[in-house]
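Each chain is listed here by its residues.
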Amino acid sequence: MKLFVKIFGRLMMTLTEKRENILGLYNSTIVNNPSGSGFVSGKVLLRYPGHITIGKNSYVNGGQLSASPNAYIKIGDNCLISYQVHLRTDMHIYKERDILIREQGHQEADIIIENDVWIGYGAQIFGGVTLGEGCVVGAGTIVTKDVMPYQVVVGESKMRVIGERI
């Protein structure tokens with residue numbers, strides 16, 4: 001019986017820890033913004049919400065913002081983030097083929113989105129990326145490297161610059 005209580009207690013503690021670090025939000029919720037003007041609407045999943053900031057007049061229309069224990073998502077002012085956008089600060093390490101991927105750990109890096117950025121439907125932004133001021137990320141684009149200010153990028157398998165805002 002003691003073993004059952006110990007296991008059950010540990011399970012409940014683990015579930016409580018996970019609940020504190022994962023938050024599903026619906027309809028105009030303010031996120032880590034002292035000014036009170038950044039918000040999410042629609043269905044948005046926040047992982048480690050204490051590591052996510054959203055600037056003035058910015059919104060997230062739906063999707064997933066996955067910060068991690070040692071990395072942050074910082075969204076600037078006046079940003080537009082469309083439906084089903086996925087931002088993720090961590091990923092599996094997989095280089096060693098003689099070691100199971102699940103045993104190689106994770107790497108974590110911040111995602112920085114500067115001011116006046118528009119991210120289209122279904123885009124995926126990975127850790128270590130900075131989206132420069134005024135850039136546009138097209139629908140479905142997979143972003144694995146920095147985007148310079150005012151660039152317009154697209155691409156599902158390989159991101160490419162298709163123009164620049166003038």
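Bear in mind the structure is a predicted one, so any value in this text is a computation, not a measurement.

(A) Looking closely at the state of the cysteines. Using the criterion set out here, one finds zero disulfides in the structure. Here Cys79 stays unpaired: no disulfide links it, and the sulfur of Cys135, its closest cysteine neighbor, is 8.4 Å away. Classification of Cys79 by relative accessible area gives buried; the value is 0%.

(B) Representation of unusual backbone geometry in the model. Although it is not a glycine, Asn78 adopts a positive phi angle of roughly 60°. Take Asn78: it is sitting in the loop between β8 (73-75) and β9 (80-81). Taking the relative accessible area as the measure of exposure, Asn78 reaches 39% and is therefore partly exposed. The residue Asp116 is not glycine, and still its phi comes out positive at about 60°.

(C) The arrangement of the packing of aromatic side chains in detail. Throughout the structure, instances matching the rule amount to zero aromatic pairs. Positioned above the aromatic ring of Tyr72 is the side chain of Lys74, whose terminal nitrogen or guanidinium carbon lies 5.6 Å from the ring centre.

(D) Fine view of the pattern of salt bridges. One pass over the full model with this rule turns up three salt bridges. Arg88 is the salt-bridge partner of Asp90, the closest N and O atoms lying 3.2 Å from each other. For Asp90, a relative accessible area of 6% gives the class buried. Using a relative accessible area of 26% as the deciding quantity, one classes Arg88 as partly exposed. Among the salt bridges present, the one from Asp116 reaches Arg165, with a minimum N-O distance of 3.1 Å. With a gap of 49 residues between them, Asp116 in the loop between β13 (111-113) and β14 (118-119) and Arg165 in the segment after β20 (160-164) connect regions that are remote in the sequence. Overall, Asp116 belongs to the partly exposed group, its relative accessible area being 34%. A relative accessible area of 36% means that Arg165 is categorised as partly exposed. Linked by salt bridges that have partners in common, Arg47, Arg88 and Asp90 make up one network.

(E) Fine view of the environment of Cys135. Mapped onto the secondary structure, Cys135 falls in the loop between β16 (130-131) and β17 (136-137). Judged by its relative accessible area of 1%, Cys135 is buried. Sequence separation between Cys135 and Gly163 is 28 residues; the distance between their C-alpha atoms is 10.0 Å. Ignoring any residue separated from it by four or fewer positions in sequence, one finds Cys135 in contact with Asp116, Val117, Trp118, Val147, Met148, Tyr150 and Gln151.

(F) Just the sheet that holds strand β5 (residues 52-54), in detail. Here four strands make up an open sheet; going across it, the order is β5-β8-β13-β16 and the pairing parallel. Single-partner strands in this sheet number two, and they are β5 and β16.

(G) Layout of the pairing of strand β7 (residues 63-66). Inspection of the sheet shows strand β4 (residues 43-47) paired to β7 by four bridges, in the parallel sense. Within β7, the residue paired with Leu46 across the bridge is Leu65. For β7 and strand β10 (residues 85-88), the ladder comprises four bridges, and the chain directions are parallel. Across the sheet, Gly63 pairs through a bridge with Val85, a residue of β10.

(H) The nonpolar core, seen in detail. Grouped together as the largest cluster of nonpolar side chains are 28 residues, with contacts concentrated most on Ile75, Ile113, Ile119, Ile125 and Leu131. Elements with a minimum of two residues in this core: β4, β5, β8, β10 and β13. Not counting residues up to four positions away in its chain, the partners in contact with Ile119 are Leu80, Ile81, Ser82, Val85, Ile113, Ile125, Leu131 and Val137.

About the thresholds
Residues numbered from 1 in each chain as written. Predicted model: local features only at pLDDT ≥ 70, side-chain atom pairs only at ≥ 80, totals over all residues. Heavy atoms only, no water. Disulfide = S-S within 2.5 Å. Buried < 20%, exposed > 50% of the residue type's maximum accessible area, 1.4 Å probe, protein only. Helix = DSSP H or I, 4+ residues; strand = E, 2+ residues; numbered from the N terminus. Phe/Tyr/Trp six-rings, centres within 6.5 Å; stacked < 30°, edge-to-face > 60°. Lys NZ or Arg CZ within 6 Å of the ring centre and 35° of its normal. Salt bridge = Lys/Arg side-chain N within 4 Å of Asp/Glu carboxyl O. Contact = heavy atoms within 4.5 Å. Pairing = 2+ DSSP bridges. Core = buried A, V, L, I, M, F, W, Y, C linked by side-chain atoms within 4.5 Å.

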